[in-house]
Amino acid sequence: MKDTPQGPGKPPGPAVLRLHGELDFARERELAEAVDAALTDGARTLVLDVSAVTFADSSTLRTLVLAQQRAEAAGGGLVLLGPLSPAVRRLLEITATDGYFTVVDSLPRAAAAAADPACRSPHRAGAE
């Protein structure tokens, strides 16, 4: 996982975390720590690049939901950057959480979604 640094003196923008390989119980803590570090460094919005994830299990889903909640509590949100791998798409579909997250297919769209509160929080009442 790679965290895109905010840089000194810059206003906090979205932090981009590039995820790859298998995300399971063994890597749950690593993902949670990367999310914590990004939010502690001042990022309000997280962009998680999941395009290179080859496996994801329920512990990954739990961590993604908690990351979304923590980012929203910080006044931001969470955006998944795809295209979604088959593993991530299947996880979201079989758990009926595919409508819970904002998913985009490019970094510019992720930045735009991160700046738009309506796009960041599709699961909130009144959002589409």
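Described in the following lines is the structure provided in the data block. (Residues numbered from 1 in each chain as written. Predicted model: local features only at pLDDT ≥ 70, side-chain atom pairs only at ≥ 80, totals over all residues. Heavy atoms only, no water.)

Turning next to the nonpolar core. Considering soluble globular proteins, one finds that nonpolar side chains tend to be buried as a cluster. Judged by nonpolar contacts, the single largest core of 27 residues is most densely connected at Leu-19, Leu-46, Leu-48, Val-50, Leu-80 and Phe-101. Once residues lying within four places of it in the same chain are set aside, the contact partners of Leu-46 are Ala-15, Val-35, Ala-38, Leu-39, Ala-67, Ala-71, Gly-77, Leu-78 and Val-79. Counting residues in each nonpolar core, the second largest holds seven residues, with Val-79, Leu-81, Val-104 and Ala-113 among its members. (Core = buried A, V, L, I, M, F, W, Y, C linked by side-chain atoms within 4.5 Å. Buried < 20%, exposed > 50% of the residue type's maximum accessible area, 1.4 Å probe, protein only. Contact = heavy atoms within 4.5 Å.)

With that out of the way, let us pick up the pairing of strand E2 (residues 15-23). Looking at chain direction, E2 and strand E3 (residues 46-56) are connected through eight bridges and run parallel. Directly across from Leu-23, in E3, lies its bridge partner Ala-56. Where the polypeptide runs from E2 across helix H1 (residues 25-40) and back to E3, its parallel neighbour, the crossover connection is right-handed. (Pairing = 2+ DSSP bridges. Helix = DSSP H or I, 4+ residues; strand = E, 2+ residues; numbered from the N terminus. Right-handed = clockwise from strand over helix to strand, strands pointing away.)

A separate point is unusual backbone geometry. For the bond from Gly-82 to Pro-83, the omega torsion is 20 degrees, close enough to zero to count as cis. Looking at the element boundaries, Pro-83 is found in the loop between strand E4 (78-81) and helix H3 (86-94). With phi around 55 degrees, Ala-96 is a residue other than glycine that occupies positive phi space. If you trace the backbone, Ala-96 turns up in the loop between H3 and strand E5 (102-104). Classification of Ala-96 as exposed rests on a relative accessible area of 63%.

Relative to the 22 Å expected for 16 residues at 1.5 Å per residue, helix H2 (residues 58-73) spans 23 Å between its end C-alpha atoms, a close match to the ideal helical length. Taken residue by residue, H2 has Ser-59, Thr-60, Leu-61, Thr-63, Leu-64, Ala-67, Gln-68, Ala-71 and Glu-72 as its buried positions. Just downstream of H2, Gly-75 is the residue with a positive phi angle, here 95 degrees. (Expected span 1.5 Å × (residues − 1).)

A packed helix pair is summarised by two numbers, namely the angle formed by the two axes and the spacing between the axes. It is the contact of H1 with H2, at a shortest axis distance of 9 Å, that shows an interaxial angle of 10 degrees. As far as their axial angle goes, H2 and H1 are roughly parallel. Here the hand of the crossing between H1 and H2 comes out right-handed. Residues Phe-25, Glu-28, Leu-31, Ala-32, Val-35, Asp-36 and Leu-39 of H1 form the contact with H2, whose own contacting residues are Ser-59, Thr-60, Arg-62, Thr-63, Ala-67, Arg-70 and Ala-71. The residue makeup of the contact of H1 with H2, split by class, is seven nonpolar, three polar and four charged. (Axes fitted to C-alpha atoms, helices over the stretch in contact; angles between N-to-C directions. Parallel < 35°, antiparallel > 145°, perpendicular 65-115°, else oblique. Left-handed = near helix turned anticlockwise from the far one by under 90°. Nonpolar A, V, L, I, M, F, W, Y, C, P; charged D, E, K, R; others polar.)

Scanning the entire structure with this criterion turns up one aromatic pair. When the centroid spacing of 4.8 Å and the interplanar angle of 85 degrees are considered together, the rings of Tyr-100 and Phe-101 count as edge-to-face. Assigned by exposure class, Tyr-100 and Phe-101 land together as buried. (Phe/Tyr/Trp six-rings, centres within 6.5 Å; stacked < 30°, edge-to-face > 60°.)

Bringing the pattern of salt bridges into the picture now. Following the criterion strictly, the structure yields six salt bridges and no others. Put simply, Glu-30 and Arg-27 hold a salt bridge, and the shortest N to O gap is 3.1 Å. With Glu-30 and Arg-27 both in helix H1 and three residues apart, this pair spans about one turn of that helix. Ionic pairing is found between Glu-28 and Arg-62, a salt bridge with its closest N-O pair at 3.0 Å. Of this pair, Glu-28 sits in helix H1 while Arg-62 is found in helix H2, placing the two residues 34 residues apart along the sequence. (Salt bridge = Lys/Arg side-chain N within 4 Å of Asp/Glu carboxyl O.)

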